[in-house]
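Fold and contact review
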Amino acid sequence: MAHKIGARLLAELGRLEPVMEVWLPGPEVHGERELARFRLRRVKHRTALKTRIHACSPRTACPARQAISSVSAAKMWTFSSRAAR
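Everything quoted here is computed from the prediction, not taken from an experiment.

Observations concerning the overall build of the protein chain
In terms of regular secondary structure, the protein chain is built from three helices and zero strands. Listed by position from the N terminus, the elements making up the protein chain come as α-α-α. Across the 85 residues in the protein chain, those meeting the buried criterion constitute 8%. Roughly 8,000 Å² of accessible area belongs to the protein chain as shown, and the carbon and sulfur atoms make up 64% of that amount.

What about the pattern of salt bridges?
Under the defined criterion, the tally for this structure stands at one salt bridge. Note that E34 is salt-bridged to R37, the shortest N-O span being 2.9 Å. Residue E34 and its partner R37 are both found in helix α2 (residues 27-55); the two are separated by three residues, about one turn of the helix. Overall, R37 belongs to the partly exposed group, its relative accessible area being 38%.

Re a nonpolar patch on the surface
Together, L9, L10 and L13 make up a nonpolar patch on the protein surface, roughly 300 Å² of accessible area in all. By the element assignment, L10 lies in helix α1 (residues 2-16). Owing to a relative accessible area of 60%, L10 belongs among the exposed residues under this scheme.

Criteria and cut-off values
- Residues numbered from 1 in each chain as written.
- Predicted model: local features only at pLDDT ≥ 70, side-chain atom pairs only at ≥ 80, totals over all residues.
- Heavy atoms only, no water.
- Helix = DSSP H or I, 4+ residues; strand = E, 2+ residues; numbered from the N terminus.
- Buried < 20%, exposed > 50% of the residue type's maximum accessible area, 1.4 Å probe, protein only.
- Areas by Shrake-Rupley, 256 points an atom, 1.4 Å probe, with all protein chains shown as cover.
- Salt bridge = Lys/Arg side-chain N within 4 Å of Asp/Glu carboxyl O.
- Patch = residues over 30% accessible without salt bridge, like charges linked within 9 Å, V, L, I, M, F, W, Y side chains within 5 Å.

Dropping the structure here:
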């Protein structure tokens, strides 16, 4: 049903006025979007690491070795991300 309505609407708009051309982003916009996607993935990963670190509290049954490796991974990622700026 929605496709028929959309098709009719597009046909009517095509008769009334010329259909505007489609805008495609240039390479600079594409690069900015890719950078934003990359940053979003990094932020999600950092959040996951922080969650794992905070979950390893003295009250939980988390082995100390795992807590240390999580902290080390978080620190390594933080330092490497700061160096990349």
